[in-house]
Amino acid sequence: MVIALRTVRALTLIVGMSVLTFALMHFSPLDPITRYVSSDPRMSPEQIEKLKIRWGLDKGPVEQYFIWAGAMLRGDFGTSRLYRTPVSDIIKGRFLMSLALMGVSWVLSGVIGYGLGALAAFKRGKTSDKVIRWFSYVLVSTPAFWLALILMLVLAVWFHLFPVGLAAPAGVLDANVTFAQRLWHLALPVMTLSVIGIANVTLHTREKMVDILNSEYVLFAKARGESSWSVFWNHGFRNSVLPAITLQFAYFSELFGGSVLAEDVFSYPGLGNMLTVAGLGGDLPLFGAIVLISGVFVFLGNLVADIVCVIVDPRIRAL
Amino acid sequence: MKDKAQSETLLSVDNLSIGFSQYIGGLKRRTIQVIVDLNASIGHGEVVAVVGASGSGKSLLAHSILGILPGNAIMSGRMAYGGEELTAKRQAALRGKEIAFIPQSVNFLDPLLRVGKQARIGFDRKTAAARQRELFLRFGLKEKDGDLFPFELSGGMLRRTLFATCVREGVKLIIADEPTPGIHPEALNEVLTQLRQLADSGAGVMLITHDIMSALKIADRVVVIKDGRTVEVAEASAFEGQGEKLAAEYTRNLWRALPENDFDLMFAGDGGNGHVA
Amino acid sequence: MFKKLKNMNARERMLIAAIFSGALLLAIFVLSFTISDGNLRANARIMDQGPSFSHPFGTDWLGRDMLARTMKGLRLSLMVGVVASIISVIISVILGVGSAVLGKTVDNVISWVTDLFIGMPHLIFMMLVCFMMGGGVKGIIVGVSLTHWSLLARVIRAEVLQLKNAEYMQISSSFGKSLWFIAWHHVIPYIMPQIIIRFLSVFPHAIVHEAAITFLGFGFSPQTPAIGVILSEAMAHISTGKWWLVFFPGFLLVLVAKSFDSISEQAHILLEPVSANE
């Protein structure tokens, strides 16, 4: 029941987001026709009219939205103005690249962040706690692109440990790229996104874990002679891992933003980089499609977080 | 009952003081004394009730004996267990084994852990399940109750679970912190009987409570504390008649104010429910 | 009178940090006006110099002083931060109060919109807004404001709901005071501390996001001395290893963001002593 309600809400939010995206594109001063015409001055007024009808621009905004949304649902994202190929073809390959980047960083930042947060809570007040807190506190307001630049400067330019950009060595055919080479080129962007993502989980986990350690049930656990490790394993982990996972799913939004920046700095051929290129090049269909896809992803991430909570927590399940 | 009270001392607490440092508005910090010069002792097979109003620092006494005071607590005084000084190291080694703690509410159980599992913690992995079942039977719980989460327990089941979670073989000292509030008379008697039985089998029991009447049903001696100080240590038998055998004015007033002995109407108003207000 | 840092308690140390942060922000603000624009002009004689006494942040490939560029850039950031934070606070107060007092239907609608804006990938939404508004300062401010009001709106809604049940509110409304009278005389003063705290805490997000958007090319135009522009240019020269081009502008940006964090935490303790008690 609870799950059904949350799912419905998430779906309405996704629809809401698509309306908002469409409205912004629709009411923007850069209407697609003008943009198209300006790129091709030889078009006659009749041709422009024909184009308008083809794109449904002669109809009202609501009708246009439904035409647009319907096409999106069918996976027909239109044709890219920059690349003159179907948007779906461009996105397909890029999507996997971004998925690899974000997936690895998401897991790494979650695991490392949780570990650091828990450690800081158990060592609260000690040096290790102070170091971890200070580190996270600074990282929370560090822009991903600046961290990317610093990592690139130090690890790639100064120490030549990693390549400066791209997902594969330049001039090598895609089929000939080895797995090791891919990993090699994935390293810096992953590092950037993971490090940026750690701070959030760490600070949250530390706070949650400190609450748990101050709770009466941990007091009781200690009174029964449980060791620190036993307290962590029996009570701390159980009560803190769920909020951390929820938080990590809710972090999808920031993750997408971070990947746009990291992909831009390292010229990593993923969705984020494509979004920037499409935006700067005025490629409305491509831009809109990526915005929509990332939005759907983020809302689904939040939904998954909600559902996980409902399933795992016996108190919510009992409602 | 009485002859056992004379047995050798199991635990003694001398001049215990506990304070906390706290922020008071803005940047200033000060120390707040919660317990001052508190004295108490328990022998084998003895039930000692520590009675005082809520907020008189009773729970802190329990926590200090177990060595689980919060980090910002400042403690002084001397504690001895089995004739030797009770150091932090000994506390860590003894708690959960020789010294058991029975807490006061459901909040002391992990909300996300099935109660059966909570009772198994601390046992050897192989035999844990069997021993937990034994304990549940002993305290009148059904086997399938072990699959419940704390929020699913009724008040009476909760008390029994707490007992099953703390009481282990080889326990010599049991510290029960307010195990009786908010339960119906039958369950209350059950709790008291359990504690008395534990004492009769040789353990020392410290019963921390604000409910004198219940405490007197099983206690050998009563330590009365007020504002963190020991007011009086009296034999349970001294609580009779008009309280002539009680040494301190405060204790006498407490005793007389109980509705069961409605002698003194002056105190009946604020102590009317049989509790120390 | 003066204690060693080590002997201070946590609160005192935080206050000191907040004072330092304030001083730093003031210094940046003053410097950004006093440094002459002449330092921003290309100067072939001092190209590509590392940090030195006369150019603490070094110079770039055109011989422009990086300290001057950074300060002017931070001034822009601060300006965007102030305007965007004010706008998002205004949006959140209107929606938060409206949500709490205008009945269940309005509350549901506003809560849904709030969820929508909280859930949206912020940077991408900002890119969309900037893209649609053709970049520039207007796009940045609209984009940043639109993405930063949602959490505050939730907080304000909760605060006002709490207040609504307070006794003096009930009395006031039974005296027949108008909704606006009540809002102005009781609600706004009550939520003022939250507004100030949140205004300060939105700030660091706003400036970091502005820099990110500009860095990607969606914000300030390349001719503007914005931090995002400076860093994006520095990226093109990164393989030469001139670290000062990348390090100082970004570091100062983080420092400014952290300063606002520290001041906002101090404000939290001073304005909301109860909830801030540790």
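Residues numbered from 1 in each chain as written. Chains lettered and ligands numbered in written order. Predicted model: local features only at pLDDT ≥ 70, side-chain atom pairs only at ≥ 80, totals over all residues. Heavy atoms only, no water.

1. Some remarks on the overall build of chain C
We apply this condition: Note on conventions: DSSP H or I runs of at least 4 residues are helices, E runs of at least 2 residues are strands, and numbering of each starts at the N terminus. Whether a residue is buried, partly exposed or exposed follows from its accessible area with a 1.4 Å probe, protein chains only, as a fraction of its type maximum: under 20%, in between, or over 50%, in that order. All accessibility values rest on the Shrake-Rupley procedure with a 1.4 Å probe; residue burial counts only the protein chains present in the view.
Looking only at helices and strands, chain C has 10 helices and 0 strands in total. Going residue by residue from the N terminus, the α and β elements of chain C occur as α-α-α-α-α-α-α-α-α-α. Taken over 278 residues, chain C has a buried fraction of 52%. With the model as given, the accessible surface of chain C reaches about 12900 Å², and the carbon-plus-sulfur share is 68%.

2. A closer look at the domain arrangement of chain B
All names here are of chain B. Selection criterion: Here the limits of each domain have been adopted from an automatic or database domain assignment. Working rule for contacts: check all heavy atoms of both residues, and any pair within 4.5 Å makes them a contact. The term buried area refers to how much accessible surface (probe radius 1.4 Å) is lost by two components on association, counted for both of them together. A carboxyl oxygen of Asp or Glu within 4 Å of a side-chain nitrogen of Lys or Arg is what we treat as a salt bridge. Counted as a polar contact is a pair of N or O atoms within 3.5 Å, where, for protein atoms, one must be capable of donating a hydrogen and the other of accepting one, and residues adjacent in sequence contribute only when both atoms are in side chains. Charged residues are taken to be Asp, Glu, Lys and Arg, nonpolar residues to be Ala, Val, Leu, Ile, Met, Phe, Trp, Tyr, Cys and Pro, and polar residues to be all remaining types, Gly included.
Splitting chain B by domain gives domain 1 (9–98 + 170–276) and domain 2 (104–169). Between domain 1 and domain 2, the residue contacts involve 15 residues of the former and 11 residues of the latter. Interface of domain 1 and domain 2: buried area, both sides summed, is about 1100 Å²; carbon and sulfur atoms make up 58% of it. Taken together, the links from domain 1 to domain 2 amount to 1 salt bridge. For the salt bridge of Glu190 with Arg160, the shortest nitrogen-to-oxygen distance reads 3.0 Å. The interface formed by domain 1 and domain 2 includes 2 residue pairs in polar contact (both at pLDDT 80 or more). It is helix H7 (residues 185–200) that provides the largest number of residues to the side of domain 1 that touches domain 2, a total of 5 residues. Here the side of domain 1 that touches domain 2 is composed, by residue class, of 7 nonpolar, 4 polar and 4 charged.

3. Examining the interface of chain A and chain B
With 19 residues of chain A in contact, the opposing surface of chain B contributes 24 residues. Across the chain A/chain B interface, buried area totals approximately 2000 Å², and carbon plus sulfur atoms make up 65% of it. Remark: the boundary between chain A and chain B carries 0 salt bridges. In this structure, the connection of chain A to chain B is made through 7 residue pairs in polar contact (both at pLDDT 80 or more). The set of elements that each furnish at least two residues to the side of chain A that touches chain B consists of helix H9 (216–223), helix H10 (228–250) and helix H14 (314–317) of chain A. Ranked by the residues each element gives to the side of chain A that touches chain B, the list is headed by H9 of chain A, at 6 residues. Grouping the constituent residues of the side of chain A that touches chain B by class yields 6 nonpolar, 5 polar and 8 charged.

4. Some details on the pairing of strand E3 (residues 47–51) of chain B
Residue and element names in this part refer to chain B. Stated precisely, the cut-off is as follows: Note on pairing: two strands pair once DSSP finds at least 2 bridges between them.
Counting buried positions along E3 yields 5 of 5 residues, so the element is predominantly enclosed. Burial of the side chains of E3 extends over both faces: Val47, Ala49 and Val51 are buried on one face and Val48 and Val50 on the other. Here E3 runs beside strand E8 (residues 204–209); their pairing, made up of 5 bridges, is parallel. Paired with Val50 across the two strands is Ile208, which belongs to E8. Across 4 bridges, E3 lies against strand E9 (residues 221–226) in parallel orientation. From the neighbouring strand, Val51 faces E9, where its bridge partner is Val224.

5. Let's talk about the pattern of salt bridges
In total, this model carries 19 salt bridges over all chains according to the counting rule given. With its nearest N and O atoms 3.9 Å apart, the salt bridge here joins Arg133 of chain B to Glu143 of chain B. In this pair, Arg133 of chain B sits in helix H5 (residues 128–138) while Glu143 of chain B sits in the loop between H5 and helix H6 (155–166), placing the two residues 10 residues apart along the sequence. On the accessibility criterion, Glu143 of chain B (56% relative accessible area) is exposed. One salt-bridge network, held together by shared partners, links Arg9 of chain A together with Asp115 and Arg154 of chain C.

6. Quick look at the sheet that holds strand E6 (residues 99–102) of chain B
Residues and elements named next belong to chain B. Which entries qualify depends on this criterion: A fitted line through C-alpha atoms serves as each axis, taken over the contacting stretch for helices, and the angle formed by two N-to-C directions is quoted from 0 to 180°.
Ordered by their spatial adjacency, 6 strands build an open sheet running E6-E7-E8-E3-E9-E10, and the pairing between neighbours is mixed. The strands lining the two open edges of the sheet, one partner per strand, are E6 and strand E10 (229–235). On average, each strand axis in the sheet is inclined to that of its neighbour by 15 degrees, with strand direction left out of account.

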